Amino acid sequence: MQIMPARIANIIYPKDLPNSLFTTLIVACLLLGLAALRNGTGLQGWLNVIENWLLMLLILPTATAAVALPFKYRDPSLELKLMYYLGMFVAFLFTIAKLRYWR
């Protein structure tokens, strides 16, 4: 059973690496973002969740890809998609550390 059409998968995922690896990272970030529900009740908890999702899925990965732009200029074979997912992984690790040490 095909979850996502091949054209969309080619746009979203980097070449020559398993798509399930990146899908797992995205799902793990989404689930880890739900841990912010413990910090607030009602609407405040969901605002914390949305903040975590924005941090993990948009802000830090985009910043990492933006920092990698000069390297893309130097080496055209560099995939910015990989840098985006690297930023997502760094944000995932940062959130794990945040949940561990910030109470």
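Here's what I pulled together on the structure shown here. (Residues numbered from 1 in each chain as written. Predicted model: local features only at pLDDT ≥ 70, side-chain atom pairs only at ≥ 80, totals over all residues. Heavy atoms only, no water.)

Quick look at the overall build of the protein
And then number 1: For the protein, the count of helices and strands is 5 helices and 0 strands.
And then number 2: When the helices and strands of the protein are read in sequence order from the N terminus, they spell out α-α-α-α-α.
And then number 3: With respect to the three principal axes, the spread of C-alpha positions in the protein is 45 × 40 × 20 Å.
And then number 4: When the 103 residues of the protein are sorted by exposure, 27% land in the buried category.
And then number 5: The contacts of the protein with a sequence gap of at least 6 include a subset with a gap of at least 24, amounting to 54%.
And then number 6: Carbon and sulfur atoms form 70% of the exposed surface of the protein, whose accessible area is close to 7500 Å².
And then number 7: Between the averaged position of the 9 positive side-chain charges in the protein and that of its 4 negative side-chain charges there is a distance of 8 Å. (Helix = DSSP H or I, 4+ residues; strand = E, 2+ residues; numbered from the N terminus. Buried < 20%, exposed > 50% of the residue type's maximum accessible area, 1.4 Å probe, protein only. Contact = heavy atoms within 4.5 Å. Areas by Shrake-Rupley, 256 points an atom, 1.4 Å probe, with all protein chains shown as cover. Lys, Arg positive; Asp, Glu negative; His and termini not counted. Charge placed at Lys NZ, Arg CZ, Asp CG, Glu CD.)

Things to note about the packing of helix α3 (residues 43-67) against helix α5 (residues 80-101)
Any two packed helices are characterised by the angle at which their axes cross and by the distance between the axes.
And then number 1: Packing of α3 against α5 leaves a shortest axis separation of 7 Å and a crossing angle of 135°. One way to sum up the angle between α3 and α5 is to call them oblique. Between α3 and α5 the crossing geometry is right-handed. Across the interface between the two elements, Asn52, Leu55, Met56, Leu57, Leu58, Leu60, Pro61, Thr62, Thr64 and Ala65 from α3 touch Leu80, Met83, Tyr84, Leu86, Gly87, Met88, Ala91, Phe92, Phe94, Thr95 and Lys98 from α5.
And then number 2: Considering only residue class, the contact of α3 with α5 consists of 15 nonpolar, 5 polar and 1 charged. (Axes fitted to C-alpha atoms, helices over the stretch in contact; angles between N-to-C directions. Parallel < 35°, antiparallel > 145°, perpendicular 65-115°, else oblique. Left-handed = near helix turned anticlockwise from the far one by under 90°. Nonpolar A, V, L, I, M, F, W, Y, C, P; charged D, E, K, R; others polar.)

Describing helix α2 (residues 19-33)
And then number 1: In this model, α2 (15 residues) spans 21 Å end to end at C-alpha, consistent with the 21 Å of a helix rising 1.5 Å per residue.
And then number 2: Taken together, the buried positions of α2 are Phe22, Leu25, Cys29, Leu32 and Gly33. In a view along the axis of α2, the buried residues occupy a sector of 105°, so they form one face of it. Within α2, the exposed residues directed more than 90 degrees away from the buried face are Thr24 and Leu31.
And then number 3: Residues of α2 that are buried make contact with α3 and α5. (Expected span 1.5 Å × (residues − 1). Arc of directions from axis to C-beta.)

A word on the nonpolar core
And then number 1: The biggest cluster of nonpolar side chains holds 12 residues, and these are Ala9, Tyr13, Phe22, Leu25, Cys29, Leu32, Met56, Leu57, Tyr85, Met88, Ala91 and Phe92.
And then number 2: For this core, the secondary-structure elements that each account for two or more residues are α2, α3 and α5.
And then number 3: What Leu57 contacts, discounting residues up to four positions off in sequence, is Cys29, Leu30, Tyr84 and Met88. (Core = buried A, V, L, I, M, F, W, Y, C linked by side-chain atoms within 4.5 Å.)

The values reported here are purely geometric and, on their own, carry no functional implication.
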